[in-house]
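Structure at a glance
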Amino acid sequence: MIYLELALTFLRIGLFSFGGGVAMIPMFLTEIEKHDWMTQSEFMNIVAVSEMTPGPIAINMATYVGSHVAGWPGAVVSTVALSTPSILVILALATLLTRLKSNPWKEAVIFGVKSAAMALIFYAGWLILSNTVHQSDSTVQTVKGMILVAICFLFRIYLPRVQPAFLIIASAIVGVFLF
Amino acid sequence: MLVKLFLTFFRLGLLTIGGGYAMLAQLEQELITHHEWLTRDEFLEITAIAQITPGPIAINAATFVGMRMAGTAGSLVASFAVVLPPLIIVGFLAGHLAQWVDDPALHGAFIASRYAAAALILHASIRMLRQGVTSNLGRLLFLAGLATLMFTSLHPLFVIVAGAGTGLLLNMMHCLPGGSSRT
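Just so it is clear, the structure is predicted and the values come from calculations on it, not from any experiment.

1. Digging into the pattern of salt bridges
Residue and element names in this part refer to chain A. Applying the stated criterion across every chain yields a total of five salt bridges over all chains. Close ionic contact of Lys34 with Glu31 constitutes a salt bridge, the shortest N to O distance being 3.6 Å. Taken together, the positions of Lys34 and Glu31, both in helix α2 (residues 21-35) and three residues apart, correspond to about one turn of that helix. Take Lys34: its relative accessible area is 56%, and that puts it in the exposed class.

2. Some details on the UniProt feature "transmembrane region" (unreviewed entry) in chain B
All names here are of chain B. UniProt marks residues 46-65, 77-98, 110-129 and 141-164 with the feature "transmembrane region" (unreviewed entry), using the numbering shown here. Segment residues 110-129 splits into 100% helix and 0% strand. End C-alpha atoms: 29 Å apart. Span residues 141-164 is 83% helix and 0% strand, its end C-alpha atoms 11 Å apart.

3. Here's the deal with a nonpolar patch on the surface
On the surface, Trp72, Val76 and Val80 of chain A together with Ile88 and Phe92 of chain B cluster together into a nonpolar patch covering about 470 Å² of accessible area. Contributing elements (two or more residues each) for the nonpolar patch: α4 (57-99) of chain A together with α4 (57-93) of chain B. Per-element tally for the nonpolar patch: the top contributor is α4 of chain A, with three residues. Along the polypeptide, Val76 of chain A turns up in helix α4. Residue Val76 of chain A is classed as partly exposed on the basis of its relative accessible area of 35%.

4. Here's the deal with the domain arrangement of chain A
Domain boundaries in chain A define domain 1 (2-99) and domain 2 (104-178). Relative to domain 2 of chain A, the C-alpha centre of domain 1 of chain A lies at a distance of 24 Å.

5. What to know about the nonpolar core
One finds Phe10, Phe28, Phe43 and Val65 of chain A together with Phe9 and Leu27 of chain B to be the most contacted residues of the largest nonpolar core, which totals 97 residues. The biggest single contributor to this core is α4 of chain A, with 15 residues. No fewer than three residues from each of domain 1 (2-99) and domain 2 (104-178) of chain A sit in this core. Residue contacts for Phe9 of chain B: discarding those within four places in its chain leaves Leu27, Ala62, Val65, Ala78, Ala81 and Val82 of chain B. With five residues, the next largest nonpolar core counts Ala108 and Phe111 of chain A together with Leu141 and Leu170 of chain B among its residues.

6. A closer look at the packing of aromatic side chains
Here the structure, examined in full by the defined rule, presents seven aromatic pairs over all chains. With centroids separated by 6.1 Å and ring planes inclined at 85°, the aromatic side chains of Phe122 of chain A and Phe142 of chain B adopt a geometry described as edge-to-face. Linking Phe122 of chain A in helix α5 (residues 104-135) with Phe142 of chain B in helix α7 (residues 136-151), this pair reaches from one chain into another. Phe142 of chain B gets classed as buried once you look at its relative accessible area, which sits at 7%.

7. Quick notes on the UniProt feature "transmembrane region" (unreviewed entry) in chain A
Residues and elements named next belong to chain A. The UniProt entry lists residues 7-29, 75-97, 109-129 and 141-159 under the feature "transmembrane region" (unreviewed entry), expressed in the numbering used here. Secondary structure within residues 109-129 divides into 100% helix and 0% strand; the distance between the first and last C-alpha atoms comes to 30 Å. Secondary structure within residues 141-159 divides into 95% helix and 0% strand; the distance between the first and last C-alpha atoms comes to 26 Å.

8. Some words on the environment of Ile121 of chain A
With respect to the element layout, Ile121 of chain A can be found in helix α5. For the pair Ile121 of chain A and Ala172 of chain A, spaced 51 residues apart in the sequence, the C-alpha separation amounts to 23 Å.

9. Side note on the interface of chain A and chain B
Of the residues lining the interface, 89 residues belong to chain A; the matching set on chain B comes to 98 residues. Around 9000 Å² of area is buried between chain A and chain B when both sides are counted, 77% of it from carbon and sulfur atoms. Put simply, chain A and chain B have zero salt bridges between them. Counting across the interface, chain A meets chain B through eight residue pairs in polar contact (both at pLDDT 80 or more). Sorting the residues of the side of chain A that touches chain B by element identifies α1 (2-16), α3 (40-52), α4, α5, α6 (139-158) and α7 (164-178) of chain A as the ones contributing at least two each. Sorting elements by how many residues they give to the side of chain A that touches chain B places α5 of chain A first, with 29 residues. Looking at the side of chain A that touches chain B residue by residue, the class counts come to 56 nonpolar, 27 polar and six charged.

10. As for empty space enclosed by the protein
For the structure on display, the rule yields one cavity of 30 Å³ or more. Roughly 30 Å³ of internal volume is contained in the largest cavity. Lining the largest cavity are Arg156 and Pro164 of chain A together with Ala25, Leu120, His123, Ala124 and Arg127 of chain B. Residues belonging to the lining of the largest cavity are distributed by class as follows: four nonpolar, one polar and two charged.

11. Description of the side chain of Glu30 of chain B
Examined against the element boundaries, Glu30 of chain B turns out to sit in helix α2 (residues 20-34). Reaching out from Glu30 of chain B, the side chain makes a polar contact with the side chain of Arg11 of chain B at a distance of 2.9 Å.

Rules of the game
- Residues numbered from 1 in each chain as written.
- Chains lettered and ligands numbered in written order.
- Predicted model: local features only at pLDDT ≥ 70, side-chain atom pairs only at ≥ 80, totals over all residues.
- Heavy atoms only, no water.
- Salt bridge = Lys/Arg side-chain N within 4 Å of Asp/Glu carboxyl O.
- Helix = DSSP H or I, 4+ residues; strand = E, 2+ residues; numbered from the N terminus.
- Buried < 20%, exposed > 50% of the residue type's maximum accessible area, 1.4 Å probe, protein only.
- UniProt positions renumbered as here; feature names shortened; annotations may be inferred.
- Patch = residues over 30% accessible without salt bridge, like charges linked within 9 Å, V, L, I, M, F, W, Y side chains within 5 Å.
- Areas by Shrake-Rupley, 256 points an atom, 1.4 Å probe, with all protein chains shown as cover.
- Domains from an automatic or database assignment.
- Core = buried A, V, L, I, M, F, W, Y, C linked by side-chain atoms within 4.5 Å.
- Contact = heavy atoms within 4.5 Å.
- Phe/Tyr/Trp six-rings, centres within 6.5 Å; stacked < 30°, edge-to-face > 60°.
- Buried area = accessible area lost by both parts, 1.4 Å probe.
- Polar contact = N/O pair within 3.5 Å; in protein donor to acceptor, adjacent residues only side chain to side chain.
- Nonpolar A, V, L, I, M, F, W, Y, C, P; charged D, E, K, R; others polar.
- 1 Å grid on protein atoms, 1.4 Å probe; cavity = no way out; pocket = protein on both sides within 12 Å on 5 of 7 lines; lining within 4 Å.
- Points joined across faces, edges and corners; volume = space filled by probe spheres on them.

Here's what the structure looks like:
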């Protein structure tokens, strides 16, 4: 049964992938090829689109693949299955962490993980930037892109009241004419 | 509180472009500056936990924040709320998206929104680094992690685990610069 197959596949991806949506891409690809749900290039389109549509990338990919395979019910089953393991793990861990409130070993782990997590976030921004630069057709486009990046930076520093989402939507509208 | 949680995470799910990391930037603004639901240290703890646990970072963060604010019911409401907008939007668009990506008129919009998303993530990470990592030891760990991600093909999970291991090792050698509040 296709729904059960979707549910089991996305439960597995949700349970065994660390580092968020972008880190899930190789695992998605393996499962999709194994089940023969779509071609690799079709999936790559989905990855690109998932980065541009609202919502977590992992959820977008799951919804898209589920919808492609089995319509609306498939989309719902895939999304719920992908989210379930992380909800259960966090529920279990949150209780544990609250109990360990001021344990020096816990603080030591958080000290290390915090710095590493910052590196991951910076790297994610760098990845999106370098991927987008690689997609540009010319140097002029790259320069325009960098100017856009600088403007967004200036907005965040001097006008932090402007919502990040507004900056993205405004950039998209400007982008229609700019690129 | 449940209604507030639902509305906040529904909005985050609706307006976040660029995935979980981009959502963290907006989550920071919503939870610390706007609602004052969390302190900066609690937020950084959630960021770290969201990344060392399996699953989408956005779901992990929503579950954790919901749990802190309103227990198990809160965690379910927040997770459901953050998933709902993309599920509806992507579900409806699924048939059309592939052709839109190739549409030359919309191509620029996609490119520009990716540049903007990258800028927002980089800015958020620099600001969090300045506010959250104040010891040289912490900065050194950040640089080591970044170099590992950029110049090796090691799994991101490795960087997180190595960070945790280094923290434990430094604690054993008694050379940590105080508790997590002073990192």
